[in-house]
Amino acid sequence: MKIAIYPGSFDPVTSGHVDIIRRAAGLCDKLIVAVMHNQAKKPAFSPEERCEMLQRVVGDVPGVEVRMFSGLLADYAAQEHAETIIKGLRAVSDFEYEFQMALANRKLNPGVDTVFLMTSAEYMYLSSSIVKDIAAHGGDITGFVPDSIQDDILLRIRKEGNSWQR
Ligand code: COA
């Protein structure tokens, strides 16, 4: 069984993430979408909230499981017997950081390879921070995130403003 992990903060999941998840699910038998912690970031949504939103938008995709994990990605891959880490690449600017992470993860767990999928052209500009920033300024996030989670994001971000940045 080919098991892959698609890790991220997903704070919140965007239409670009969903695009990668749907395409990656077709490349393996089981795709674990793992809500993880990026220590450089202060999230706006709790891990449970991020999992719940992901579950709502990709829970029906065959072979996809949504999980959360708070340790090292390399350890989680070993724990789940995953041979592949899936990452999305949006632009050349993503490459250097992703290259470093892929090498570090392979050093920590020689049994795991990172596979990069090019983000679809219409989502090249997208990030979770851009979605939160637009929402915080009263903008329209239609199409940037799946419809089913749009209201949750607007309610939370408009209530708390940009406090997730501080
Ligand atoms: N569409 C839209 N946005 C996308 C995207 C896509 N296809 N792919 C990435 N993005 C966005 C993300 O939303 C994120 O936006 P943000 O910076 O506004 O939050 C940004 O691009 C960066 O994405 P990514 O590089 O995947 O970072 P992340 O914070 O989502 O995930 C972890 C990073 C959690 C995977 C990483 O920190 C990790 O592995 N943590 C576990 C601890 C560990 O093992 N550390 C050592 C690693 S060597």
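Bear in mind that the values here come from a model prediction, so they are computed numbers and not experimental data.

Observations regarding the site of the ligand
Within the structure, the ligand sits among 26 residues, and S9, K41, L73, S128 and S129 are positioned closest to it. Measuring from a nitrogen atom of the ligand, one finds a backbone N or O atom of H37 at 3.2 Å. The separation between an oxygen atom of the ligand and a polar side-chain atom of S129 is 2.4 Å. Here the ligand has 940 Å² of accessible area as a free molecule, and 86% of this is covered by the chains. A total of five residues in the shell around the ligand trace back to one element, the largest contributor, which is helix α4 (residues 92–108).

Some points on the pattern of salt bridges
Counting across every chain of the model gives 12 salt bridges. Linking K30 and E65 is a salt bridge whose minimum nitrogen-to-oxygen distance equals 4.0 Å. Remark: E65 occurs in strand β3 (residues 64–68) and K30 occurs in strand β2 (residues 30–35); sequence separation between them is 35 residues. Taking the relative accessible area as the measure of exposure, K30 reaches 17% and is therefore buried. E65 sits in the partly exposed class, given a relative accessible area of 26%. Here E65 and R67 are joined by a salt bridge, their closest N and O atoms 2.6 Å apart. For R67, a relative accessible area of 35% corresponds to the partly exposed category. Each of D11, R50 and K132 takes part in a single network of salt bridges with overlapping partners.

Reading the values: rules and limits
- Counting from 1, residues in each chain are numbered in the order their sequence is written.
- With pLDDT at 70 or above as the cut-off, local features in this predicted model cover only qualifying residues; side-chain atom pairs require 80 or more to be listed or tallied, and sums for whole chains, interfaces and linings still use all residues.
- By convention in this description, side-chain values take in all heavy atoms of the structure and omit both hydrogens and water.
- The nearness test applies per residue and asks whether one of its heavy atoms lies within 4 Å of the molecule or strand.
- Polar contacts here mean pairs of N or O atoms no more than 3.5 Å apart (in protein, one a potential hydrogen donor and the other a potential acceptor; neighbouring residues in sequence count only if both atoms are side-chain atoms).
- Per-residue and other accessible areas were derived by the Shrake-Rupley procedure at a 1.4 Å probe size, with only the shown protein chains allowed to occlude residues.
- Numbered from the N terminus, helices here are DSSP runs of H or I no shorter than four residues, and strands are runs of E no shorter than two.
- Only one rule defines a salt bridge in this text: a Lys or Arg side-chain nitrogen within 4 Å of an Asp or Glu carboxyl oxygen.
- Throughout, exposure labels follow a simple rule: accessible area from a 1.4 Å probe, protein chains only, divided by the maximum for the residue type, with under 20% read as buried, over 50% as exposed, and the rest as partly exposed.

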